[in-house]
Amino acid sequence: MEKPKNLELKPKINVSAIQTERKAKSAIQKLRHAIRYHNYRYYIKNDPVISDSEYDKLLKTLQELEEKWPKLQSPTSPTKKVGGAPVNELETVRHPYPMLSLKATRKSDDIHNFDKTCRRELEKKKINYTAEPKYDGLAIEIIYKNGHLVRAATRGNGEQGDNVTENIKTVSEVPLRLIKNSNKEIPNNLVVHGEVYIR
């Protein structure tokens, strides 16, 4: 993602000088755009363009503005991610699509049968395979509606799992709001399956 032309990397906002909701809204939007961009540079690209102290100052300014103007608060604001406490009591939710798991095997016959099936279905005489270590974490489904994170759930029994939306918001690498990249449109409905793990 390239830096948008009109994006201010370090918007200078004087909270005490903002006296109208219109000016507060403009300042909040500038701060949110900047912080989302910095999150992308830090967590996704691993190439931050401002210091940690400068980032903390932007986040603190945004928090102050949102406290001063509570009507302008948003559930997808960057302030809702930092320092969030995981929830212990979880509700059960149904997956829009089954969350299937990989089948484990320790028999060589199963491997050979798998290869035969692949070659037959793909109509190939030979197939190259890649083997790599498997991350053993927690399977997670994240649902975005119009680019906004609306729900996250564990695999559970594959048909339904635990609602861990508030917990997943504490994972810095998971965006609360998707950013448009080049000419690709953000889908209205996006279901993402992934793995959460600790190195």
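For clarity, every value in this text was computed on a predicted model and none was experimentally measured. (Residues numbered from 1 in each chain as written. Predicted model: local features only at pLDDT ≥ 70, side-chain atom pairs only at ≥ 80, totals over all residues. Heavy atoms only, no water.)

Student: Can you tell me about the sheet that holds strand E2 (residues 138–145), naming the residues and giving the values?
Tutor: One open sheet accounts for three strands, arranged E3-E2-E5; its pairing is antiparallel. The sheet terminates laterally at strand E3 (148–154) and strand E5 (189–196), the two strands that pair on one side only. Between one strand axis and the next, the sheet turns through 25° on average, direction left out of account. The pairing of E2 with E5 spans eight bridges and is antiparallel. Across the sheet, Ile-143 pairs through a bridge with Val-191, a residue of E5. (Pairing = 2+ DSSP bridges. Helix = DSSP H or I, 4+ residues; strand = E, 2+ residues; numbered from the N terminus. Axes fitted to C-alpha atoms, helices over the stretch in contact; angles between N-to-C directions.)

Student: Which residues make up the nonpolar core, and what values go with them?
Tutor: Ile-18, Ile-35, Leu-65 and Trp-69 are the most contacted members of the largest nonpolar core, which totals 15 residues. Elements with a minimum of two residues in this core: helix H1 (21–44) and helix H2 (52–68). In this structure, Ile-140, Ile-142, Leu-149 and Ile-168 belong to the second largest nonpolar core, which totals eight residues. (Core = buried A, V, L, I, M, F, W, Y, C linked by side-chain atoms within 4.5 Å. Buried < 20%, exposed > 50% of the residue type's maximum accessible area, 1.4 Å probe, protein only.)

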